Structures are given as C-alpha cells and as structure tokens.
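# Architecture and fold: a report
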Amino acid sequence: MILFTAVALLFFAFMTHIVWWRVKRPAHTTSALLLLFIGFFIIAISALSLSFIEVMRLGLLYISCALSYIILYSAIEQQSPTLAMIHYIDLHGEKGCDDESLAHSLCTKSEIMKRLTLMEQSDWLLQKNMRWYLTKKGRRLAYLFDYAAKLFGLKIGG
Amino acid sequence: MLTEWGLTLSPLIALVVNVCMQMISIHLSHRTGLSIIIGLLIGWCVALVLLCILSNSYFIMDCGTCFVSYLALSFCFWAFLNLNITSLRIRILRELLKESQGLKTDVLLQYYSPNELIKKRILRLEALGQIRRKNGKWVLHSRKLLVLVWVTSLLRNLITPFKVLEAARDADRL
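Now for a quick tour of the structure. (Residues numbered from 1 in each chain as written. Chains lettered and ligands numbered in written order. Predicted model: local features only at pLDDT ≥ 70, side-chain atom pairs only at ≥ 80, totals over all residues. Heavy atoms only, no water.)

## Some words on the overall build of chain B
Helix and strand counts for chain B stand at eight helices and three strands. In terms of C-alpha radius of gyration, chain B reaches 22 Å, well past the compact-globule figure of 16 Å for 174 residues. C-alpha atoms of chain B, sized along the principal axes, occupy 65 × 45 × 40 Å. Within chain B, buried positions represent 41% of all 174 residues. When the accessible surface of chain B is summed, it comes to about 9,700 Å², and 66% of that surface belongs to carbon and sulfur atoms. (Helix = DSSP H or I, 4+ residues; strand = E, 2+ residues; numbered from the N terminus. Rg over C-alpha atoms; globule rule 2.2 N^0.38 Å. Buried < 20%, exposed > 50% of the residue type's maximum accessible area, 1.4 Å probe, protein only. Areas by Shrake-Rupley, 256 points an atom, 1.4 Å probe, with all protein chains shown as cover.)

Printed below as a string of structure tokens:
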C-alpha cells in the first residue's frame, strides 16, 4: 500500500507541476518544487489514516523520489554542457566533429556569465568594485563541498 | 515493533553503508567511479540481507519499497558527489573560497575559458568511454548518455513547451 500511495502521490504532484509550469513558471523553481512535493505529502498524511511507522516509510520513499526529481530538474531546465556536447556529436553521426566546431557551437563566454549571474541571484556571490566575492551562504556551501571533496576523495572538477 | 522499524529504516541503513564503503574504497583505490559502484552494490546487499531477516508476509512489497527508496537516496548521494566533479558553479565557489580578496570577472573568464571547459569535458567523456577519436574527429562510442539527452529533452518539451517554441522561433530569426 505504501508503494502504491507513494507512486500515486508522485504522479499527481508531477501532473500539478506540469500544469503550474505551463500556466506560469515560478521565478524560484527549486523552492516551488520543494513546496509542491512537500505540500502533497502533508495533504496525503492528513487525509489517510496511517500509523506513524507507515508515515515514516511513505515519507522516506516519497521524499527520496521527489528529491531525485528536483535534482534531475536542473538538467531538464537548462541543458548541461556535457549533454549538449553528446547531442552535438550525435548529430554528426559517423562523420564526427572536430574540436573547433564543438567549441564554437557550445561553450561561449556567456556560459560563465550566465552561471555567475545565477549564483548572484541565488545569493551565493556578490559583485563589488568589479570583483566577485562569496556571500555568507556561498561560503557555507563552498565549505560543505570542499569538506565533502576531502572526505570522498574527489578532485576539483568543473 | 523492532521489525517494523528495521524495515522502515533499511534504505537509510543501506545508504549509510553505501556512503562509508565509498569513502573507504576511494581512499584505497583512488578511482571515483569504482568506489561509487562498490558503495552502491554493498549497500544493496545490506538492504537485501535486512529484508530477508526482517520481512515476512509482504516480502515483494517490502523489497519494492526498500529498493526504490535506496536507489533514490543513492541517486541523491551520487548527484551530490557529481556536483563536486562536474559542476562549474561549485568549482567557482571553491576557487573563491581560497581567494579572500575576491576575483575579477576577466580572471574568472580566463580560468574557465570555453576551450578549457570543452577540453575538460572531452577528456572526461573519453575516459568514460562515451566518445572516441575517429580520423581526427569525435564520434559517439556509447549511447548511454544519449538516452539521458532524449529523456531530459522529452521532459523539457512536456514541462516548458513555450520555452522550446520561443527558442525555435529565435533560431529561425537568426
């Protein structure tokens, strides 16, 4: 029953998400998605008479699937350069494409500026006197990822 | 009661084992991909063992609930690791952490020039066996990531068709 309830909840939440985005896409999509999925969960546990353990099990299943979708959504909203490269190379089939045309068609100066602007809008960075600095929020995130990189043995990427 | 709690928490216990095994194997093998797979598989085994011990009448349903939760949680963990490996934004954050005086826009643009970004991604895709060199040009070697391209494209068309239409109109104008 928990599995079916979670699947049904995810389905209805996803349908609502599609309708909402088609009517008017929210400015802060991640917050809106979190609100949507958590809202559906709260309505479900209020409407169904579930024991505490059943709520925990449903919550774990539903929230983990919802979080997975929210993570995937960033790749849906804006195609990543890596996937764009794969798509571009595929378009050329067996003929292949050279480094120059790949670079020319994909990554431009504006990609970096887009990311810097998005990070400024998310309050991760601020620009002062033509220089970029971390905000408190940005610093916390940077420490988190830096610590995770040491813990999980990850090299600096990008 | 303990059985019910055990079944409920089994995906979380499996995730903790996954994370710990990933940490141990990366420091032993220095291979990120391999350590992620080792963590995932060992966590999966732990979940299976817990299910065999704790579940009785509804074994199939419990398996379904547990494995779907575990896979979704593992995906979230993998995505968190992947941000460190591939995300430009996270790299910029970590670089700025080292620079208390901040960085100028043109310095950032220099560090992350289009050629640098393309080169990093090409090396990564080649190492993963996704693309290969043929007569001096790049061709696809595996269609796995292409499936992801198609799925994300389909979802993009479903969720924001107007954005797709606007982009198509803009492309026509150019």
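## Side note on the interface of chain B and chain A
Contacts between the two partners involve 83 residues from chain B and, on the opposite side, 82 residues from chain A. Across the contact surface, chain B and chain A share six salt bridges. For the salt bridge of Asp90(A) with Arg143(B), the shortest nitrogen-to-oxygen distance reads 3.5 Å. The dominant element in the side of chain B that touches chain A, judged by the number of residues it contributes, is helix α3 (residues 59-86) of chain B, at 18 residues. In the side of chain B that touches chain A, the residues fall into 47 nonpolar, 19 polar and 17 charged. Inspection of the sheet shows strand β2 (residues 131-134) of chain A paired to strand β1 (residues 103-104) of chain B by two bridges, in the antiparallel sense. (Contact = heavy atoms within 4.5 Å. Salt bridge = Lys/Arg side-chain N within 4 Å of Asp/Glu carboxyl O. Nonpolar A, V, L, I, M, F, W, Y, C, P; charged D, E, K, R; others polar. Pairing = 2+ DSSP bridges.)

## So, the environment of Thr29(A)
Residue and element names in this part refer to chain A. Mapped onto the elements, Thr 29 comes out in helix α2 (residues 29-47). On the basis of relative accessibility, which here comes to 6%, the residue Thr 29 falls in the buried class. Taking C-alpha positions, Thr 29 is 9.2 Å from Glu 77, a pair spaced 48 residues apart along the chain. Only 3.2 Å separates the side chain of Thr 29 from the side chain of Glu 77, close enough to count as a polar contact. (Polar contact = N/O pair within 3.5 Å; in protein donor to acceptor, adjacent residues only side chain to side chain.)

## Considerations on the packing of aromatic side chains
Counting across every chain of the model gives 14 aromatic pairs over all chains. By way of ring pairs, the aromatic residues Phe14(A), Trp20(A), Trp21(A), Phe37(A), Phe41(A), Tyr62(A), Tyr69(A) and Tyr73(A) are connected into one cluster. (Phe/Tyr/Trp six-rings, centres within 6.5 Å; stacked < 30°, edge-to-face > 60°.)

## Regarding the sheet that holds β2(A)
Across the sheet, three strands lie side by side as β1(A)-β2(A)-β1(B); this open sheet has antiparallel pairing. The two strands at the open ends of the sheet, each matched to only one other strand, are β1 (125-128) of chain A together with β1 of chain B. Of the strand pairs in this sheet, β1(A) and β2(A) are connected by four bridges, and their pairing is antiparallel. Note that in β2(A) the partner of Leu125(A) across the bridge is Leu134(A). Against the sheet, helix α4 (residues 88-98) of chain B makes contact with β1 and β2 of chain A together with β1 of chain B, and its axis sits at roughly 95° relative to β2(A), the strand it touches most. (Axes fitted to C-alpha atoms, helices over the stretch in contact; angles between N-to-C directions.)

## Considerations on the environment of Leu60(A)
Along the chain, Leu60(A) falls in helix α3 (residues 52-77). Relative accessible area serves as the criterion here: at 16%, Leu60(A) is assigned to the buried category. Each C-alpha atom, one on Leu60(A) and one on Ala6(A), is 9.7 Å from the other, the two residues being 54 residues apart in sequence. In this structure Leu60(A) touches Thr8(B), Pro11(B), Leu12(B), Ser69(B) and Leu73(B), once residues within four positions along its chain are discounted.

## Describing the pattern of salt bridges
Two side chains bearing opposite charge may form a pair once their charged atoms approach each other closely. On inspection of all chains with the given rule, the structure shows 10 salt bridges over all chains. A salt bridge links Lys134(B) to Glu94(A), with the nearest nitrogen and oxygen atoms 2.6 Å apart. Of the two residues, Lys134(B) sits in strand β2 (residues 131-134) while Glu94(A) sits in the loop between α4 (81-91) and α5 (99-105), which places them in two different chains. We note a salt bridge from Arg94(B) to Asp146(A), for which the minimum N-O separation is 2.9 Å. You can see Arg94(B) sitting in helix α4 and its partner Asp146(A) sitting in helix α7 (residues 136-151), one on each of two chains.

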